[in-house]
Amino acid sequence: MFAAGPESIAIVECKSSEKRRRVSYQKDINELISMKDGLRRSAQELLKGKPKVAFIFATNNSVLSDGDRKRLRADSIFHFTEADIEYFEQLTDHLGPAAKYQLCGKLFSGQKIPGLKNKVPAIKGKVASGHTFYSFSVEPELLLQVGYVLHRTETDAESSQAYQRLLKRKRIDDIGKYIDEGGYFPNSVIVNISTKREKDLKFDQASSIEHDSATGLGVLHLPQVYRSVFIIDGQHRLYGYSKAKSTSHHTIPVVAFHNLPQEEQAQIFVDINHKQESVPANLLRSLMADFHWKSEDAGVALGALKTRLLNEMNADDNSPFYKRIIMAQEPRTDTRCLTLETLLKWGLSSNLVFFGKVKGRTLVKHGYLTDVSYDATLEKSLSFFNSCFGYVEGKLPDQWEAGSGLGGFISMNIGVSAIMRTLDRVLDHLVRFKNLAPEEMNGEGLANQVTPYLDPPVDFVKHLDSEGLKKLRSLFGSGATEKVLMEFLYAIHQDYDDFNPEDLAQWIRDRTGE
């Protein structure tokens, strides 16, 4: 596929599978690499000047091998999954042609924008924390070209710590109309200017102006590259100008920080917005995980760890949970039917042994997935859960694919939460009665010890008739996961008679009347 604009070209090779599966595209990727130079020359001959060219390898329902991914990265070919394509389709639906700014920011990040006029009069100062800021007024078109918004609904690694919600079309359309009717915004758009290696922005300070302020006056040279200015607050106002029909000259006020850490950008976003339009619970929880990562309060830190675990599984296209969890405002579908809040509350609750025991603000007992640091614990946990749920997906492929659709159960909130809690019980059993030493094992090794115990619950679900499946799907509320958990534990007990947790024994007695 070939797509071209005045200054850029995208050449896309598309591949699709009927069902999600692991695929090797080594031959296709090697052929694309061998044709890149010729395709670039031919494409550039079609347009005047020397437009930038990006190559995209787009896949649907295909999980690429590590070798294929490395090959694409090594030759600067973007890999777009179905989730990337869905994101840009949503963005185009909301923004129309202005979605090109986000696409160019992704494809040409760090590359120079030819002919961009970037000098703006500005005031330079410092806030109490010591961070440098600049205040200036600029044409919206300039800010759109260099700007970028990291949305939680994007799929790259950087966006897993993003804080922005997806733009709303009605709000942008209304702002465009408001501007056309003579409206304007006196409040500033808040941005962060990102430069490599903490390199200072060029600021020509005026020397002939006398004043009594601690601030400086001069001319700021904005970076002339794509994706160099990240929008912290004001994305709807900024993109509203792209919808305005008015041809009159507009400038918008901007407060720009320089190389502000991402967690502080997110804090500014929350501080500004928490009293305005409600921030969705899933997004707010996700943002809090960034603020509380490695907190000195162990309970808070473990909450952040669990949230980041789910964030990263959702963003990893090698994970069974890839784009299955609603993290912010993504549309619910049959497969995207899991919610961050529910999994944290029902599946990874604080009384489990995965991550240890907290008393007050202190971790008093290590968990079975605990490693030498929070980063190492996250890596071990990712490997463990991806391996375990990959096993479930392989045993129940049709159910996993169905999600909350017809015939689905195991990959719904209640099914996933019950499996998580089953894994916790099995780990505890193996440590207490089988001398398992989880501190000496990696995540995949632990999963290999646990997954045989998943066969009985999997068989239980596999052999449910339509009425039995309907009954499990209809369970709701805080006790629903507990009911499914007991069915799973009982199935394990029937195959492993020494597996008999105390609460299961009581459940069996209540059920049988013995």
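All values reported here derive from a predicted model rather than from experimental measurement. (Residues numbered from 1 in each chain as written. Predicted model: local features only at pLDDT ≥ 70, side-chain atom pairs only at ≥ 80, totals over all residues. Heavy atoms only, no water.)

**Describing the pairing of strand 6 (residues 132-138)**
Line of reasoning, step 1. When you tally the buried positions in strand 6, you get five out of seven residues, the bulk of the element.
Line of reasoning, step 2. Sheet analysis places strand 5 (residues 119-126) next to strand 6, joined by five bridges and oriented antiparallel. Of the residues in strand 6, the one forming a bridge with Ala 122 is Phe 136.
Line of reasoning, step 3. Between strand 5 and strand 6, which pair antiparallel in sequence order, lie five residues; one of them, Gly 130, sits at a positive phi of approximately 100 degrees.
Line of reasoning, step 4. The sheet contact formed by strand 6 and strand 12 (residues 252-258) spans six bridges and is antiparallel. Residue pairing across strands places Ser 135 opposite Val 255, the latter belonging to strand 12. (Buried < 20%, exposed > 50% of the residue type's maximum accessible area, 1.4 Å probe, protein only. Helix = DSSP H or I, 4+ residues; strand = E, 2+ residues; numbered from the N terminus. Pairing = 2+ DSSP bridges.)

**A short note on the packing of aromatic side chains**
Line of reasoning, step 1. Taken as a whole and judged by the stated rule, the model has 18 aromatic pairs.
Line of reasoning, step 2. A centroid spacing of 5.8 Å and a plane angle of 40 degrees characterise the contact between Phe 108 and Tyr 226, whose relative ring orientation is tilted. Of this pair, Phe 108 sits in the loop between helix 4 (100-107) and strand 5 while Tyr 226 sits in the loop between strand 10 (216-221) and strand 11 (229-233), and the two are 118 residues apart along the sequence. Grouping residues by exposure puts Phe 108 and Tyr 226 together as buried.
Line of reasoning, step 3. Centre to centre, the rings of Tyr 453 and Phe 499 are 6.4 Å apart; their planes meet at 55 degrees, and the pair counts as tilted. With Tyr 453 in the loop between helix 15 (443-450) and helix 16 (455-462) and Phe 499 in the loop between helix 18 (478-495) and helix 19 (502-512), this pair connects stretches of sequence that are 46 residues apart. By the burial criterion, Tyr 453 is buried, and Phe 499 matches it.
Line of reasoning, step 4. Within the aromatic cluster, the residues linked to one another by ring pairs are Phe 354, Phe 355, Phe 384 and Phe 385. (Phe/Tyr/Trp six-rings, centres within 6.5 Å; stacked < 30°, edge-to-face > 60°.)

**Observations regarding the packing of helix 10 (residues 298-315) against helix 12 (residues 374-395)**
Line of reasoning, step 1. Two numbers describe how helix 10 lies on helix 12: the axes approach to 10 Å, and their chain directions differ by 45 degrees. When the axes of helix 10 and helix 12 are compared, the pair comes out oblique. Where helix 10 crosses over helix 12, the two elements pack in a sense that is right-handed. Of the residues in helix 12, those in contact with Ala 298, Ala 301, Leu 302, Leu 305, Arg 308, Leu 309, Glu 312 and Met 313 of helix 10 are Tyr 374, Thr 377, Leu 378, Ser 381, Leu 382, Phe 385 and Asn 386.
Line of reasoning, step 2. Tallied by class, residues from the contact of helix 10 with helix 12 come to ten nonpolar, three polar and two charged. (Axes fitted to C-alpha atoms, helices over the stretch in contact; angles between N-to-C directions. Parallel < 35°, antiparallel > 145°, perpendicular 65-115°, else oblique. Left-handed = near helix turned anticlockwise from the far one by under 90°. Contact = heavy atoms within 4.5 Å. Nonpolar A, V, L, I, M, F, W, Y, C, P; charged D, E, K, R; others polar.)

**Observations concerning the environment of Phe 488**
Line of reasoning, step 1. You can see Phe 488 is positioned in helix 18.
Line of reasoning, step 2. For the pair Phe 488 and Lys 19, spaced 469 residues apart in sequence, the C-alpha separation works out to 28 Å.
Line of reasoning, step 3. When neighbours within four sequence positions are excluded, Phe 488 is seen to be in contact with Phe 409, Ile 410, Gly 415, Ala 418, Ile 419, Thr 422, Pro 457, Phe 460 and Val 461.

**Remarks on the confidence of the model for the protein**
Line of reasoning, step 1. Overall, the predicted model of the protein reaches an average pLDDT of 87, with 92% of residues at or above 70.
Line of reasoning, step 2. Mean pLDDT across the elements of the protein bottoms out in helix 9 (residues 281-291) (62) and peaks in helix 15 (97). (pLDDT = per-residue confidence, 0-100.)

**Examining the nonpolar core**
Line of reasoning, step 1. Ranked by size, the top nonpolar core spans 60 residues in total, and within it Phe 354, Phe 384, Phe 385 and Leu 423 carry the most contacts.
Line of reasoning, step 2. Per-element accounting of this core gives the leading share, nine residues, to helix 14 (residues 413-433).
Line of reasoning, step 3. Those residues within four positions of Phe 384 in sequence are excluded, and the remaining contacts are Phe 354, Leu 369, Leu 423, Leu 427, Gly 443, Leu 446, Ala 447 and Val 450.
Line of reasoning, step 4. Residues Phe 88, Ala 122, Tyr 134 and Ile 252 belong to the second largest nonpolar core, which totals 50 residues. (Core = buried A, V, L, I, M, F, W, Y, C linked by side-chain atoms within 4.5 Å.)

**Let's talk about the sheet that holds strand 1 (residues 2-4)**
Line of reasoning, step 1. If you walk across this open sheet you meet the four strands as 1-2-3-4, and the pairing is mixed. Because the sheet does not close on itself, it has two edges, and the strands there are strand 1 and strand 4 (77-80). Averaged over all adjacent pairs, the angle separating strand axes in this sheet is 30 degrees, with direction ignored.
Line of reasoning, step 2. Where strand 1 meets strand 2 (residues 8-23), three bridges bridge the pair, whose relative direction is antiparallel. Bridged to Ala 4 within strand 2 is Ile 9.
Line of reasoning, step 3. Set on the sheet, helix 1 (residues 26-46) makes contact with strand 1, strand 2, strand 3 (52-64) and strand 4; between it and strand 3 the angle comes to about 145 degrees.
Line of reasoning, step 4. Against the sheet, helix 2 (residues 66-74) makes contact with strand 2, strand 3 and strand 4, and its axis sits at roughly 170 degrees relative to strand 3, the strand it touches most.

**Overview of the packing of helix 6 (residues 169-180) against helix 7 (residues 235-243)**
Line of reasoning, step 1. Viewed as axis vectors pointing N to C, helix 6 and helix 7 meet at an angle of 65 degrees, and their least axial separation amounts to 7 Å. As helix 6 packs across helix 7, the resulting crossing turns out to be right-handed. The segment helix 6 lies against helix 7, with Arg 171, Ile 172, Asp 173, Ile 175, Gly 176, Ile 179 and Asp 180 engaging His 236, Arg 237, Tyr 239, Gly 240, Tyr 241 and Lys 243.
Line of reasoning, step 2. When its residues are assigned to classes, the contact of helix 6 with helix 7 shows five nonpolar, three polar and five charged.

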